[in-house]
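Coordinate analysis (summary)
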Amino acid sequence: GGSSTAPSGGEGGGSTPITLQAGYENNPGEPIDLAMNKWSELLAEKSGGTMRMDIYPSSQLGSKKDLIDQMIAGSPVITLADGAFYADMGVPDFGIVFGPFLFDTWDDAWRLTQSDWYAEQSALLENQGVRILTSKWKYGDRHLLINRSIDSVDGLKGLKVRVPNNLIQIKGFEAMGATPTPMALGEVYTALQTGTIDGLENPLPVLYNGRFQEVAKYLILTGHVRNFTTWITGTATFNALSDEQKQWLTETGDEAGVFNNEKQDLVFDETLQKMKDEGVTVLDLDINEFKQKAQSFYSMDEVTKNWTPGLYDTVRAAMK
Amino acid sequence: MKPLKIPKAVLNLDYVITGAMFVVLVVVTFFGVIFRYALGDPFAWLEEVQLMLFVGITYLGGGAAFRAGAHVAIEFVVEKLPRAAQKVAGIVISAIVIGTLIYFMLRGIDVVQLMAQTSRSTNILEVPYALIYSALPVGCALMIINYILATYFGVREDHSAALEVPQP
Amino acid sequence: MSPVAVAAIVLLVFLFMRVPVFVSLLSASLAYFVMTPGIPPMIAGQRILAGVESIPLLAIPFFVCSGVFMNYSGVSHRVMNFADVMTGRMYGGLAQTNILLSTLMGGLSGSNLADAAMEAKMLVPEMERKGFSKEFSSVITATSAMITPLIPPGIAMIIYGSIANVSIGKLFVAGIGVGLLLTATMMLLTSVLSRRRGYARSRTTRLTGHEIWQAVKPAILPLLLPIIIIGGIRLGVFTPTEAGAVAIVYSILLGLLYREMTPRNFFQGVKETIVSTSSIMVIIGAASAFAWILTREQIPQKLTATMVSVVDNKWVFLVLINLFLLLVGMFIEGNAAMIVLVPLLAPMAANYGLDEIHFAMIFIFNMAIGALSPPMGTLMFVTCAITKCPIGSFIREAVPYYLMLAGTLALLVLFPVFSIGLVNLIY
Ligand code: NA
Ligand code: NA
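Quantities reported herein were computed from a predicted structural model and do not represent experimental measurements.

1. Brief notes about the coordination of the sodium ion (ligand 1)
Residue and element names in this part refer to chain C. Coordination of the sodium ion (ligand 1) by the protein comes from Asn98 (O), Asn98 (OD1), Ser102 (OG), Glu119 (OE) and Ser144 (OG), over a distance range of 2.1 to 2.7 Å. Donor residues for the sodium ion (ligand 1), ordered by position in the chain, follow N-x3-S-x16-E-x24-S. One end of the pair, serine 102, is in helix α6 (residues 93-106); the other, glutamate 119, is in helix α7 (residues 112-122), with 17 residues separating them in the sequence. When its relative accessible area of 0% is taken as the criterion, glutamate 119 is described as buried.

What follows is the structure, given as structure tokens:
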């Protein structure tokens, strides 16, 4: 082999492989981390050792925001990010994928990633210096864990629900009638324990790993966000690769994504059972009511002011 | 050498700015507790404001810390050297300090430029990161100026004076 | 030579050349960034900014400020009278007052330097009048100031918790056990020394109930603050960080109540807070950049692998780590050492099955000793600068106390109950 010329490699036998650094927040052992180990293996295999991916879990290389800046500046890093972030990066329409109940099923989400609309948004992102490598990665359905039983969506009124610090998720919970409270995840356990806040939302494994079921016993399987995530690198880094290398990288990324999604489903079932065993009650509520209430999100001025007019309809059409 | 005379109003400008930032920081944090706990109405913008003030205080206060002699260093090795060697060491140290701070001032400008190019701003209040992070290059410049003033022009103040306790 | 090796050498050489600690760390990072191809230099700026963008670290300016304000607000005098009543009949009267005062002020302030400066100014002249030597009084003041940041709130615990991802609330509680252990061993040694040297007790007679109440009453409000802080954190009213802002407001209220705090005091306190905060935080920012380099080069993994393959015994590891940390603490500012070393050493300790809180306390205690020992003992310098005690005589007089600290450290290492006992009880 060795006929492929590495863009950075110059002349010679190409003995130093192209090295990418993948950084992410998830901890070792979580599905995302296992899948990244898989990706790293697959890439080394497929490229015959000419491409390498070092992995840095637990935010070791910096926060998501920092890594994105690093890749824009030309560093060969990879990280995972999603619509809420891309909205902050000058592609405001991308934020809608984090809107409450946008997708009815995961297939809706996957179809959207194949659509022209998604390709347009990805191109806009590329102008900002960020290139999406692979999109079909489940991060998980986001569900709601609270410290009291409620009968319907109206029970959310006045409940302080911790959300990540971004406008989309804050407004999403406001639409459902709750009092969204941005807070660092590390402070949530004590805050819940003592009633500073009443609940939080996240994919089940994140809820379980934070042991939040010890201090909040009522789970509502809202699935208000089908949280898929994407792996990105810098446009400059990507364009410096040969066509063959580009293909290796994205193909193995998709393959690792399939692995990830299987692991995520498995972990979801296991985790739900574990939570029930530890005394969590799954509230059997009409999720449609939540969905209807959340609909007002899509007409809030603070949310839509940055969007292309008619975005919601465009996106709903694109996923069908 | 006679200390260089610089009007207090100019010299203390960094204290005035960072001091005001600190007062705001304490006030928003304290009322943040009250609004969240007692009134159930947390400030969504609290964390953003706290962080931008913290970055500002840290780097814009760095120059004042040079005037106050508060930047710690290991003194004892150089102090054991003969006079002449100490003089040489002093020049080398100055070159290192100024050179390094210039490098990081430029890197700070890189960061600010990147933030401006990508028009990044905070999530809730939409304060441009270019503004927030400009504390780094400006701070490095202030540190260079104050380092020179303190080392070569005798512009110093007594750091421990503020720690002393008035007798009743 | 690899860029990271060059960076390490630059760091060590510059540190000992009297280059300010934060500049030494920055120069080391500079060397790495210049020598490593393929890294955009912008990242150098980003890392030192990212090191500062941390909500838990906000507690640093807050607790520095509350410490200084407590001294201005008239709290110190009231707590001192209280400590005096409690210890007056012990051997070494005022020396014991000095130690107890640091312990009590520990609940109000997170700054060892503010405590040492306050007591050097307020208590040492009084001690000299009562016949204690200048050296002894200075040693007592500087050593006992070590207790102040161990009793929560404490800056070291905030930094450690935020780097190693350990609950700061739990570290605070663990600090109470360690702080009280040190108070006990120190009072014991002081009592023995005082008896041998014939240092007077402050009183020999019992006080009347009325006299005791007269001293206790004014101290009630100040001593309520530690209860407010720990209780408030435990009940979820505020986070450890926010507790700092609460402490500042409380100290201002007391200052107004006692009519002792003036606008001039206020401005001076803010000024001191800015200078202290900036000088600590630029070190933290610079150390974060350096720590990022170590992570990028996967040094922690390599070091842990080497250590585990060489040393397979937990106790040998502990002995080595303590010697290493003592040495580091003597030369490098504790906060900077923590930022660089915690990511390297905490995973190692976990590998040997050590409890995270236990190891954190061992680490913090070692760094605290460093503030007292030559050549870079900031506590020693601040105290001696105010009391005008020559450093040489200070060190000679401090020998029994150094031995006491070593003994206390051994207790802490051998018996985890001193650090985690209270945590298990409360959490
Ligand atoms: Na003391
Ligand atoms: Na304290």
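2. Comments concerning the domain arrangement of chain C
All names here are of chain C. What the domain assignment reports for chain C is domain 1 (1-39) and domain 2 (40-426). On the side of domain 2, 21 residues touch domain 1, which itself brings 17 residues to the contact. Buried surface at the junction of domain 1 and domain 2, both sides included, amounts to about 1,600 Å², of which 85% is carbon and sulfur. Contact with domain 2 buries surface across domain 1, with Leu25, Phe33 and Ile39 losing the most and accounting together for 34% of the total. For the interface between domain 1 and domain 2, the tally reads zero salt bridges. Scanning the region where domain 1 abuts domain 2 turns up two residue pairs in polar contact (both at pLDDT 80 or more). Of all elements in the fold, only α1 (3-16) and α2 (21-35) reach the threshold of two or more residues within the side of domain 1 that touches domain 2.

3. Section: the pattern of salt bridges
All names here are of chain A. By the definition in use, this model includes 30 salt bridges over all chains. Residue aspartate 104 pairs with lysine 291 through a salt bridge whose shortest N-O separation is 2.7 Å. Here lysine 291 lies in helix α11 (residues 287-294) and aspartate 104 lies in the loop between α3 (83-88) and α4 (106-113), a separation of 187 residues in the sequence. By relative accessible area, lysine 291 is classed as partly exposed at 22%. A salt bridge links arginine 131 to glutamate 126, with the shortest nitrogen-to-oxygen separation between them at 3.7 Å. Judged by relative accessible area, arginine 131 falls into the partly exposed class, the value being 24%.

4. With respect to the interface of chain C and chain B
In this assembly, 71 residues from chain C lie in contact with 61 residues from chain B. When the area that chain C buries against chain B is broken down by residue, the three leading residues are Arg18, Leu49 and Ile274 of chain C, summing to 12%. Along the contact surface separating chain C from chain B lie one salt bridge. Between glutamate 242 of chain C and arginine 36 of chain B there is a salt bridge, with the nearest N and O atoms lying 2.9 Å from each other. Of all the secondary-structure elements, those providing two or more residues to the side of chain C that touches chain B are α1, α2, α3 (42-50), α4 (59-72), α7, α14 (240-257) and α15 (263-296) of chain C. When residues in the side of chain C that touches chain B are grouped by element, the largest group, 16 residues, is from α15 of chain C. Grouping the amino acids of the side of chain C that touches chain B by side-chain chemistry returns 48 nonpolar, 16 polar and seven charged.

Scoring rules and cut-offs
- Residues numbered from 1 in each chain as written.
- Chains lettered and ligands numbered in written order.
- Predicted model: local features only at pLDDT ≥ 70, side-chain atom pairs only at ≥ 80, totals over all residues.
- Heavy atoms only, no water.
- Donors = N, O, S within 2.8 Å, 3.2 Å for Na, K, Ca; no water.
- Helix = DSSP H or I, 4+ residues; strand = E, 2+ residues; numbered from the N terminus.
- Buried < 20%, exposed > 50% of the residue type's maximum accessible area, 1.4 Å probe, protein only.
- Domains from an automatic or database assignment.
- Contact = heavy atoms within 4.5 Å.
- Buried area = accessible area lost by both parts, 1.4 Å probe.
- Salt bridge = Lys/Arg side-chain N within 4 Å of Asp/Glu carboxyl O.
- Polar contact = N/O pair within 3.5 Å; in protein donor to acceptor, adjacent residues only side chain to side chain.
- Nonpolar A, V, L, I, M, F, W, Y, C, P; charged D, E, K, R; others polar.

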